Amino acid sequence: CSPPAALRPQPMKFRYYIVDVFTDRPFGGNQLAVFPDARGIDGARMQQIAREFNFSETTFVLPPAERKHTRRVRIFTPGAEIPFAGHPTVGTAHVLATIGDIPLAGETTSVVFEEGVGPVPVTIRADGKQPVFAQLSVVKLPEVGPPPPAAARLAAMLSLSEIDLAGPDMPPEAISCGLPYLLVPLASRDAVARARLRIDLWEQTLRGYWTDDIFLFALDPELEGSDVRARMFAPGYGVTEDPATGSAAVALGGYLAARNPRHDGTFRWVIEQGFEMGRPSILRVEVDKRGGAVTGVRVGGSTVLVCEGQMDVPTV
């Protein structure tokens with residue numbers, strides 16, 4: 001028989017916030033659920049909660065392991081925990097600053113989040129007492145992976161022709177700044193829009209490869225002031241398509257900076273993503289080069305608070 005209701009374990013109540021990241025208006029950008037105080041939720045339950053929301057990512061904020069850092073942040077897709085991601089880092093910083101868990105120190109506030117990849121520096125910019133922009137700096141500088149599969153196979157995997165690829169001056173390349181992506185440059189914004197990932201060919205083409213997350217792009221933006229149009233597919237993480245991917249954007253910054261003939265300076269690109277999904281997103285990337293080598297990469301953007309709520313989380 002069941003125990004009396006009074007003796008049954010009672011669920012714990014946890015506050016959460018939903019934000020749209022890399023946008024300045026609601027219902028654009030990339031959705032994110034943030035639990036600002038996740039003490040008492042174990043990893044297995046975090047994964048279940050992320051699957052319940054079914055956003056690209058959900059974050060759980062914990063006290064830092066080292067006092068000099070601001071918070072520990074665990075990031076979950078619907079399918080797995082990941083060591084680093086852009087829009088969860090930016091969006092979590094915005095939430096914590098908005099609700100006062102991170103006190104704002106004037107126009108600019110610097111924090112450090114402990115993530116799986118290491119301590120991630122984040123800068124929060126404020127207008128008055130409200131955060132308006134957050135920017136992360138990568139812990140790991142761009143790392144180039146092994147040569148990708150043949151261009152013809154990649155084009156077929158994306159339901160495109162080989163002529164839709166950008167060409168020999170901009171070949172596909174795998175790059176990681178903490179989370180690896182296969183970057184596939186395309187010839188036009190039209191090709192980006194026409195791309196459809198064939199799951200059967202994706203499984204065949206990228207099985208056993210360094211990464212099976214795909215970031216395709218063209219230097220053919222739609223909006224004045226933008227530089228790049230992009231899309232991202234990560235079915236292995238349960239993300240059919242992602243509307244804004246900061247961890248891929250920093251990898252792209254490394255790719256583009258390496259091909260810029262200037263040896264020194266700071267380079268900037270504005271990336272459009274999510275337009276084909278009806279969730280337009282704007283990501284701003286900066287890359288520092290010194291002596292021909294990349295020395296720093298950052299990505300940032302705006303975030304909009306959409307709603308807040310409370311979840312009853314079972315204790316057993």
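Anything mentioned here points back to the structure above.
Residues numbered from 1 in each chain as written. Predicted model: local features only at pLDDT ≥ 70, side-chain atom pairs only at ≥ 80, totals over all residues. Heavy atoms only, no water.

S.K.: Can you lay out the overall build of the chain for me, pointing to particular residues and giving the numbers?
M.R.: When its secondary structure is counted, the chain shows six helices and 18 strands. Taken against the 2.2 N^0.38 rule, which gives 20 Å for 316 residues, the C-alpha radius of gyration of the chain at 20 Å falls within 12% of a compact globule. For the chain, the C-alpha atoms occupy an extent of roughly 70 × 50 × 35 Å along the three principal directions. Classification of the 316 residues of the chain by burial places 53% in the buried group. Relative to all contacts within the chain whose residues are 6 or more apart in sequence, the contacts with residues 24 or more apart total 64%. Surface exposure of the chain reaches about 13,900 Å², of which carbon and sulfur atoms provide 50%. Side chains of the chain give 31 positive and 36 negative charges; the mean places of these two sets differ by 4 Å. (Helix = DSSP H or I, 4+ residues; strand = E, 2+ residues; numbered from the N terminus. Rg over C-alpha atoms; globule rule 2.2 N^0.38 Å. Buried < 20%, exposed > 50% of the residue type's maximum accessible area, 1.4 Å probe, protein only. Contact = heavy atoms within 4.5 Å. Areas by Shrake-Rupley, 256 points an atom, 1.4 Å probe, with all protein chains shown as cover. Lys, Arg positive; Asp, Glu negative; His and termini not counted. Charge placed at Lys NZ, Arg CZ, Asp CG, Glu CD.)

S.K.: Which residues make up the nonpolar core, and what values do they have?
M.R.: Counting residues in each nonpolar core, the largest one holds 58 residues, and the members touching the most others are Val-122, Phe-217 and Leu-252. For this core, the element with the highest residue contribution is helix α6 (residues 246-258), accounting for eight residues. When neighbours within four sequence positions are excluded, Leu-252 is seen to be in contact with Leu-183, Phe-215, Phe-217, Val-228 and Ile-271. (Core = buried A, V, L, I, M, F, W, Y, C linked by side-chain atoms within 4.5 Å.)

S.K.: Go over unusual backbone geometry, please, and point to the residues and values.
M.R.: Despite not being glycine, Phe-22 shows a phi value in the positive range, around 65°. Phi is positive for Ser-159, which is not a glycine, with a value near 60°. Following the sequence through the fold, Ser-159 ends up in the loop between α3 (151-157) and β10 (173-176).

S.K.: Which residues make up α6, and what values go with them?
M.R.: Taking 1.5 Å of rise per residue, the 13 residues of α6 would be expected to cover 18 Å, and the 18 Å separating its terminal C-alpha atoms lies within 8% of that figure. In terms of burial, α6 is a largely internal element, twelve of the 13 residues being buried. All of the buried residues in α6 are Gly-246, Ser-247, Ala-248, Ala-249, Val-250, Ala-251, Leu-252, Gly-253, Gly-254, Tyr-255, Leu-256 and Ala-257. (Expected span 1.5 Å × (residues − 1).)

S.K.: Requested: an account of the pattern of salt bridges, with residues and values cited.
M.R.: Summed over the entire model, instances satisfying the criterion amount to 18 salt bridges. Across the pair Arg-231 and Glu-241 runs a salt bridge whose closest N-O atoms are separated by 2.8 Å. Of this pair, Arg-231 sits in strand β13 (residues 228-234) while Glu-241 is found in strand β14 (residues 239-242), placing the two residues ten residues apart along the sequence. The class for Glu-241 is buried, based on a relative accessible area of 15%. (Salt bridge = Lys/Arg side-chain N within 4 Å of Asp/Glu carboxyl O.)

S.K.: If you had to explain the packing of aromatic side chains to someone new, which residues and values would you point to?
M.R.: All chains considered together, the criterion is met by eight aromatic pairs. Ring centres of Tyr-16 and Phe-53 lie 5.1 Å apart, and the angle between their planes is 75°; on these two criteria the pair is classed as edge-to-face. In this pair, Tyr-16 is assigned in strand β1 (residues 12-21) and Phe-53 in helix α1 (residues 43-53), connecting sequence segments 37 residues apart. Assessed through its relative accessible area of 16%, Tyr-16 is described here as buried. Phe-53 gets classed as buried once you look at its relative accessible area, which sits at 15%. (Phe/Tyr/Trp six-rings, centres within 6.5 Å; stacked < 30°, edge-to-face > 60°.)

S.K.: Please provide a residue-by-residue account of the side chain of Arg-231, values included.
M.R.: Arg-231 sits in the buried class, given a relative accessible area of 5%. At a separation of 2.8 Å, a polar atom in the side chain of Arg-231 contacts the main-chain carbonyl oxygen of Val-192. Here Arg-231 is in contact with Val-192, Ala-193, Ala-195, Arg-196, Ile-214, Phe-215, Leu-216, Glu-241, Gln-273 and Glu-276, once residues within four sequence places are set aside. (Polar contact = N/O pair within 3.5 Å; in protein donor to acceptor, adjacent residues only side chain to side chain.)

S.K.: Mind laying out the environment of Gln-135, listing which residues take part and the relevant values?
M.R.: One can find Gln-135 in strand β8 (residues 130-137). Note: C-alpha distance between Gln-135 and Phe-14 (121 residues apart in sequence) is 27 Å. Leave out the neighbours within four places in its chain, and Gln-135 touches Pro-121, Val-122, Thr-123, Arg-125, Glu-286, Arg-298, Val-299 and Gly-300. Here the side chain of Gln-135 touches Glu-286 through a polar contact of 3.4 Å, side chain to side chain.

S.K.: Would you mind going over the environment of Leu-183 in detail, with residue names and values included?
M.R.: Checked against the element boundaries, Leu-183 lands in strand β11 (residues 180-185). Separated by 83 residues in the primary sequence, Leu-183 and Thr-266 have C-alpha atoms spaced 22 Å apart. Here Leu-183 is in contact with Pro-172, Glu-173, Ile-175, Phe-215, Phe-217, Ala-251, Leu-252 and Tyr-255, once residues within four sequence places are set aside.

S.K.: Report on the pairing of strand β4 (residues 71-76), specifying residues and quantitative values.
M.R.: Judged from the five bridges that link them, strand β3 (residues 57-62) and β4 form a sheet pairing that is antiparallel. Opposite Thr-58, over in β4, you have Phe-76 as the bridge partner. Relative to strand β6 (residues 108-115), β4 runs parallel, the two being bridged by two bridges. When the bridges of β6 are listed, Arg-71 appears paired with Phe-113. In this antiparallel pair of consecutive strands, β4 and strand β5 (residues 81-82), the connection spans four residues. (Pairing = 2+ DSSP bridges.)

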